Amino acid sequence: MRLHPLTSLAAAGSTAIMTTAAASLPLSLAVIAAVAGLSLAGGVERRMLAAAAGILVPLVASLFFLHGLFFPEGSVVLAHWGPARVTVEGLQFALERSAQLSAAVLVLLLCSFTISVPDLVAALSARGVHARFAFVLASTLTLLPAITTRLARIRQAQEARGLVITRGVFRRMAAFRWQAVPLVLSLVEEAGTRAAALEARGFGATGPRTSYREVTDPPFQRRLRMVLLLAAAAAVALRLWQPTAGA
Amino acid sequence: MSSPSLTLESPTPAAARKRRLLEILGALAIAGTYIYLVLNQPADITGGPGSASALIALSGFLVGAVLLVVAVLPTLPVSTLVLIPVALVLNIVLGQFVGSTLVPFYLDAIGTVLIAVLAGPAAGAATGALSSIVWSFFNPTVLPFAAGAALIGCLAGLAARHGLFRRFYLAPVAGFLTGIIGGVVSAPIAAFVFGGTSGLATGAIVSAFRSMGDSLLAAITKQALISDPMDKAIVFTLVAVLVYALPRRTRLQFPFVRRHRVLTGQAAGQSAGAATGQGS
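Definitions and cut-offs
- Residues numbered from 1 in each chain as written.
- Chains lettered and ligands numbered in written order.
- Predicted model: local features only at pLDDT ≥ 70, side-chain atom pairs only at ≥ 80, totals over all residues.
- Heavy atoms only, no water.
- Contact = heavy atoms within 4.5 Å.
- Buried area = accessible area lost by both parts, 1.4 Å probe.
- Salt bridge = Lys/Arg side-chain N within 4 Å of Asp/Glu carboxyl O.
- Polar contact = N/O pair within 3.5 Å; in protein donor to acceptor, adjacent residues only side chain to side chain.
- Helix = DSSP H or I, 4+ residues; strand = E, 2+ residues; numbered from the N terminus.
- Core = buried A, V, L, I, M, F, W, Y, C linked by side-chain atoms within 4.5 Å.
- Buried < 20%, exposed > 50% of the residue type's maximum accessible area, 1.4 Å probe, protein only.
- Phe/Tyr/Trp six-rings, centres within 6.5 Å; stacked < 30°, edge-to-face > 60°.
- Axes fitted to C-alpha atoms, helices over the stretch in contact; angles between N-to-C directions.
- Parallel < 35°, antiparallel > 145°, perpendicular 65-115°, else oblique.
- Left-handed = near helix turned anticlockwise from the far one by under 90°.
- Nonpolar A, V, L, I, M, F, W, Y, C, P; charged D, E, K, R; others polar.

Q: When you look at the interface of chain B and chain A in this model, what are you seeing that I'm missing?
A: Chain B puts 73 residues into the contact, and the matching count from chain A is 66 residues. Each partner contributes to the roughly 6,100 Å² buried at the junction of chain B and chain A, and carbon and sulfur atoms together form 79% of this total. Across the contact surface, chain B and chain A share 1 salt bridge. In this structure, glutamate 189 of chain A engages arginine 249 of chain B in a salt bridge whose closest nitrogen and oxygen atoms are separated by 3.1 Å. Linking chain B with chain A are 4 residue pairs in polar contact (both at pLDDT 80 or more). Top contributing element to the side of chain B that touches chain A by residue count: helix 4 (residues 83-99) of chain B, with 9 residues.

Q: I would appreciate a short explanation of the nonpolar core in the present structure.
A: The nonpolar side chains of a soluble globular protein tend to be buried with one another. All names here are of chain B. Core analysis: the biggest nonpolar cluster contains 126 residues, and Val113, Phe165 and Val239 have the highest contact counts within it. Here this core takes 11 residues from helix 10 (residues 216-245), the largest share from any one element. Residues contacting phenylalanine 165, with those up to four places away along its chain left out, are Val113, Val117, Ala156, Ala159, Ala160, Ala171, Phe236, Val239, Ala240, Tyr244, Val262 and Leu263.

Q: Would you mind showing me how to read unusual backbone geometry here?
A: Generally, phi is negative for residues other than glycine and the peptide bonds are trans, each holding for most cases. A positive phi angle, near 45°, is found at arginine 261 of chain B, a position not held by glycine. For arginine 261 of chain B, a relative accessible area of 30% gives the class partly exposed.

Q: For this particular structure, what's the right way to read the packing of aromatic side chains?
A: Aromatic rings in a pair are described by how distant their centres are and how their planes are angled relative to each other. Residue and element names in this part refer to chain B. Taken as a whole and judged by the stated rule, the model has 2 aromatic pairs over all chains. Where phenylalanine 145 meets phenylalanine 194, the ring centres are 5.7 Å apart and the plane angle is 10°; that geometry is what we call stacked. You can see phenylalanine 145 sitting in the loop between helix 6 (121-135) and helix 7 (146-161) and its partner phenylalanine 194 sitting in helix 8 (residues 170-194), a full 49 residues away along the chain. Since its relative accessible area comes to 25%, phenylalanine 145 is described here as partly exposed.

Q: Explain the pattern of salt bridges here, please?
A: Working definition: two side chains of opposite charge can pair if their charged atoms are close together. All names here are of chain A. Scanning the model with the defined rule gives 7 salt bridges over all chains in all. The closest approach of N and O atoms between glutamate 190 and arginine 150, which form a salt bridge, is 2.9 Å. Separated by 40 residues along the polypeptide, glutamate 190 in helix 7 (residues 169-200) and arginine 150 in helix 6 (residues 131-160) bring together distant segments of the chain. With a closest N to O distance of 3.4 Å, arginine 222 and aspartate 217 form a salt bridge. Using a relative accessible area of 15% as the deciding quantity, one classes aspartate 217 as buried. Because the salt bridges share partners, they merge into one network encompassing Arg150, Glu190 and Arg194.

Q: Can you help me understand the packing of helix 3 (residues 45-69) of chain A against helix 9 (residues 200-211) of chain B in this one?
A: Between two packed helices, the angle of one axis relative to the other and the distance separating the axes together describe the packing. Close contact between helix 3 of chain A and helix 9 of chain B brings their axes to 9 Å; oriented N to C, the two are set at 15°. Between helix 3 of chain A and helix 9 of chain B, the angle falls in the class roughly parallel. In this structure, helix 3 of chain A crosses over helix 9 of chain B, and the sense of that crossing is right-handed. Across the interface between the two elements, Pro58, Ala61, Ser62, Phe65, Leu66 and His67 of chain A from helix 3 of chain A touch Leu200, Gly203, Ala204, Val206, Ser207 and Arg210 of chain B from helix 9 of chain B. Grouping the amino acids of the contact of helix 3 of chain A with helix 9 of chain B by side-chain chemistry returns 7 nonpolar, 4 polar and 1 charged.

These values are about where atoms sit, not about what they do.
Okay, here's the thing in structure tokens:
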């Protein structure tokens, strides 16, 4: 069964909210395991691994460095060197927070890797979300790869003209100017052309629109979305009701 | 460039009032969340991860940012709207690069500040918030900072409007002040949602303050006060370099630049008239 983009968005969002609200290590680990299984099943494990490593390795390393060595509130000291004290409480805090953040990050990443952007855009505009948001989303996601290649091409061109990046703040700033100005200039110029074209096609107009792309939305998934959102709201309400339980 | 349409109806005053209300509600949600978090923090941080503060910080700031986007986005002219994806891409390309390296800066707001200077505070705020929302498709950890990014965009637009980009040496000063405000507002997010910072270099600065016995929020706020003003001063300077390097024709395409004489070297009335005559 193919999931409606809003259903997978709701599932990912409510899972992230519920793991944050529950703040329990076993639940976070279970979510991480489930995401790993789902990404293997969906065949996106390589892209997931690369993206997750880029985000989570610095985050987790920073958390363990920060709380593992410096946690003034901790009382059970395992080791200390000068001002740095390794405490049980600090390590515990770092572990719990890392697991919880990793679960939320992984679930959202899985969602963005499996979702089909054209479907999401069509679904959003069909549901009365302003077409402008859909435009910004789709346009950014398609511009991004184009711009990374263009930046590489601009650098090559400038290097052919004698650009050598050397030390020193002012030299670096000049190098930045050499590369960024052509990039920004061409992007702004193109945006102007695109604005005229869009406006000529009634982009700024209000009123009903028709779409070439139909995204099927079975009633079962509609109900599922409601249940997921209610569950997330309930988890938040429960946590706010009993702020210290389970912590 | 964009002119009022002759065939399509223009928005009614009631719709404008509704948008104004949404803007105010969004700003109130962000301010209220911040004040609540700062007043309640001392008892909460040792309460363990996932405490109520994380949820309040997340929901309050996100709701505020989304309300701002909903209020501002429909009012932007199409010529500004098509620039937002460009700004987002600049933020992501430059921010992704710096974010995880060993520099205690982020430089993830160049696009936002650029739009704010060219198109004004409202566009800047919408770009900042949207940038975080769209970027979270690649990196979900930036989503909670949407409100801070919106604030940076708004303040950059206000700085441009009041002529701080007319003199080259004033741009870093404006960036420094913006960074102080933005850093202080974003610190509770880093403290309550992440329990630290996401970069290694910024983490080292926080550790230094923690080792002196500061609470987590105090340590992160101090780190933000070290990193953010410098970061935003650099960003504002880079944007000033960029904006002055753009050809005059491209700069004057933007009504905000013409009307408030954002950049030096053009007389307001005369070039506004000339540019509208040619542009629209």
